[in-house]
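Chain by chain, the residues:
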Amino acid sequence: EARSQGSGHFCFARSDLAARADRRLAIEQELRLALERNELVVFYQPQVDLRDGAFIGAEALVRWIHPSRGLVGPMEFIDVAEDVGLIDQLGSYVLQSVAAQLAAWGRKGLYPKVAVNVSASQCMQPDFCSGIFDVLSKSGVPTTSLQIELTESVAMRDPVRTARELAPLRAAGVRLAIDDFGTGYSNLATITRLPFDVLKIDRSFVSECVRDGASRVVVATILSMAQNLGYQTVAEGVETELQREFLLRYGCTFAQGYLFGKPMPAPEFEAAFIEQRRIDARDLQEQVRSV
Ligand code: C2E
Ligand code: MG
Ligand code: MG
Ligand code: MG
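Positions within a chain are numbered from 1, following the residues in the order the chain's sequence is written. Lettering of chains starts at A and numbering of ligands starts at 1, both following the order in which they are written. Totals for whole chains, interfaces and linings use every residue, but because this is a predicted model, local features are given only for residues with pLDDT of at least 70 and side-chain atom pairs only at 80 or more, for both listing and counting. Excluded from the side-chain calculation are hydrogens and water; included are all heavy atoms of the structure.

An unreviewed UniProt entry annotates the chain as EAL domain-containing protein of Agaricicola taiwanensis.

In structure tokens, the structure reads:
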């Protein structure tokens, strides 16, 4: 009995491993083609000012328009891209696509700030920083339009080097954010010495901050620490009005989440951004009229 169970388990583990290897190989091959055929697109998720709900910009999130599988999210392929050495190519594709989009928006008088996610291998490239300056200057996009997001664990892998690599970007006005803050077991003393401007509070805490006492304390503590250390804060994954109220009350500055908008194609984000400005202008006119 025990023996057959054991071997059954082994078989399961083996086929599971094999299935994973198959998936990986399939994704790798298809992803190479996808990059050549421009099947990857960038979606934009609104980031808002929590005080008045105004759109300040967006986070750029890559999607794969797969010829047979439809819209595929990054959780399905970013890890493979990292493992098989395609992430640098993917990353520069995303960056160029965002820069081109920002340039097009700039020509229409629209200046949203856009945050781009960066993987470990990308920011460890010797020309990471100059590559970003290059793309921005070639497309005529101001450095202040761009935010770079690194997860805590990536930033902490080699903090001294991270600080050295990122310093010129920050000095030039690119905003630097720590993504998924609170999930990486960081040494707080070290992380606060890195040149970051923004802490993004991980969705796992935000989504529980109303229901669960421990998450509430974590969020409140991060917000208070951020205020005292001079960081801006972005809450990830805000889905309810109660969460919005809680975050606002505890001093969070910015937020993103389904409550304000899902990641959407560029034209849709553009329309929402313009609509937002129209509402702002109308409010302003009403205020002026009422004095
Ligand atoms: P992330 O940077 O933490 O991005 C936030 C994720 O949370 C996005 O998932 C977004 O769709 C999701 N999200 C936002 N608001 C809500 C909400 O209210 N509810 C729920 N349930 N989810 C919400 P997505 O687009 O699937 O991206 C997953 C991760 O993939 C990102 O996490 C990021 O780490 C990575 N990623 C995405 N695009 C890129 C990229 O261009 N380069 C790299 N290196 N990584 C990327
Ligand atoms: Mg991010
Ligand atoms: Mg995040
Ligand atoms: Mg996250």
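Caption draft 1: Representation of the coordination of the magnesium ion (ligand 2) in the model. Looking at the magnesium ion (ligand 2), the protein donor atoms are E59 (OE), N117 (OD1), E149 (OE) and D179 (OD), and they sit 2.0 to 2.2 Å from it. When the donor residues of the magnesium ion (ligand 2) are listed from N- to C-terminus, their spacing reads E-x57-N-x31-E-x29-D. A separation of 3.7 Å is found between the magnesium ion (ligand 2) and the magnesium ion (ligand 3), which share D179 as a coordinating residue. Taken as a pair, N117 in strand 4 (residues 113–117) and D179 in strand 6 (residues 175–181) lie far apart in primary sequence, 62 residues in all. Burial classification: accessible surface area is computed with a 1.4 Å probe over protein chains only, and a residue below 20% of its type maximum counts as buried, one above 50% as exposed, and the rest as partly exposed. The class for N117 is partly exposed, based on a relative accessible area of 29%. Taking the relative accessible area as the measure of exposure, D179 reaches 6% and is therefore buried. Shown as donors are all N, O and S atoms within 2.8 Å of a metal ion, widened to 3.2 Å for Na, K and Ca; because water is not in the atom set, sites may appear incomplete. Helix and strand definitions here come from DSSP, where helices need a minimum of 4 consecutive H or I residues and strands a minimum of 2 consecutive E residues; each element is numbered from the N-terminal end.

Caption draft 2: Representation of unusual backbone geometry. Not every positive phi belongs to a glycine, and N38 is a case in point at roughly 55°. Here N38 is to be found in the loop between helix 1 (2–36) and strand 1 (40–49). Although it is not a glycine, D180 sits at a positive phi angle of roughly 50°. Secondary-structure assignment places D180 in strand 6.

Caption draft 3: Focus on a negative patch on the surface. On the surface, D52, D280, D283 and E286 cluster together into a patch of negative charge. Its location among the elements puts E286 in helix 12 (residues 266–290). In this structure E286 comes out as partly exposed when scored by relative accessible area, which is 42%. Exposure above 30% relative accessible area and no salt bridge define the residues that can form patches, which grow by joining like charges within 9 Å and nonpolar side chains of Val, Leu, Ile, Met, Phe, Trp and Tyr within 5 Å. The accessible surface values rely on the Shrake-Rupley method and a 1.4 Å probe; as for residues, cover is taken only from the protein chains in view. For salt bridges, the criterion is a side-chain nitrogen of Lys or Arg within 4 Å of an Asp or Glu carboxyl oxygen. Only four residue types enter the charge count, namely Lys and Arg as positive and Asp and Glu as negative; His and the chain termini do not. The atom standing in for a charge is NZ when the residue is Lys, CZ when it is Arg, CG when it is Asp and CD when it is Glu.

Caption draft 4: View of the pairing of strand 2 (residues 55–66). For strand 2, a buried count of 10 out of 12 residues is recorded, marking the element as mostly surrounded by other parts of the structure. For strand 1 and strand 2, the ladder comprises nine bridges, and the chain directions are antiparallel. When the bridges of strand 2 are listed, F43 appears paired with L61. The rule for pairing is simple: two strands pair if DSSP sees at least two bridges between them. Taken together, strand 1 and the strand that follows it, strand 2, pair antiparallel across an intervening segment of five residues, in which G53 is found at a positive phi of about 75°. Here strand 2 pairs with strand 4 via four bridges, running parallel. Counted as the bridge partner of E59 is A115 from strand 4. In this structure, the hairpin formed by strand 2 and strand 3 (residues 70–72) is closed by a connection of three residues.

Caption draft 5: Highlighting the coordination of the magnesium ion (ligand 3). Taken together, D179 (OD), D180 (OD) and E236 (OE) make up the protein donors of the magnesium ion (ligand 3), found 1.6 to 2.3 Å from the metal. All donors of the magnesium ion (ligand 3) come from a single chain, and their spacing in sequence reads D-D-x55-E.

Caption draft 6: Structural detail: the site of ligand 1. Residues are classed as near a molecule or strand on a simple rule: at least one heavy atom within 4 Å of it. Close contacts around ligand 1 come from 22 residues, with R63, S119, D179, E239 and Y258 the closest. Here a polar contact means two N or O atoms within 3.5 Å. Within protein one must be a hydrogen donor candidate and the other an acceptor candidate, and residues neighboring in sequence count only if both atoms are side-chain atoms. With respect to ligand 1, the backbone of V62 contributes an N or O atom lying 3.2 Å from a nitrogen atom. Between ligand 1 and D179 there is a distance of 2.8 Å, counted from an oxygen atom to a side-chain nitrogen or oxygen. Within the complex, 85% of the 800 Å² of free accessible area of ligand 1 lies under protein. Counting only elements with at least two residues in the shell around ligand 1, the list comes to strand 2 and strand 6. With four residues, the top contributor of residues to the shell around ligand 1 is strand 2. Split by residue class, the shell around ligand 1 holds nine nonpolar, five polar and eight charged. For this scheme, ten residues count as nonpolar: Ala, Val, Leu, Ile, Met, Phe, Trp, Tyr, Cys and Pro. Four count as charged, namely Asp, Glu, Lys and Arg, and the remainder, Gly too, count as polar.

Caption draft 7: Molecular detail of the pattern of salt bridges. In total, this model carries 13 salt bridges according to the counting rule given. One salt bridge in this structure joins R24 and D79, with 3.7 Å as the shortest N-O distance. Taken together, the positions of R24 in helix 1 and D79 in helix 2 (residues 78–83) put the pair 55 residues apart, joining distant regions of the chain. What makes D79 partly exposed here is its relative accessible area of 30%.

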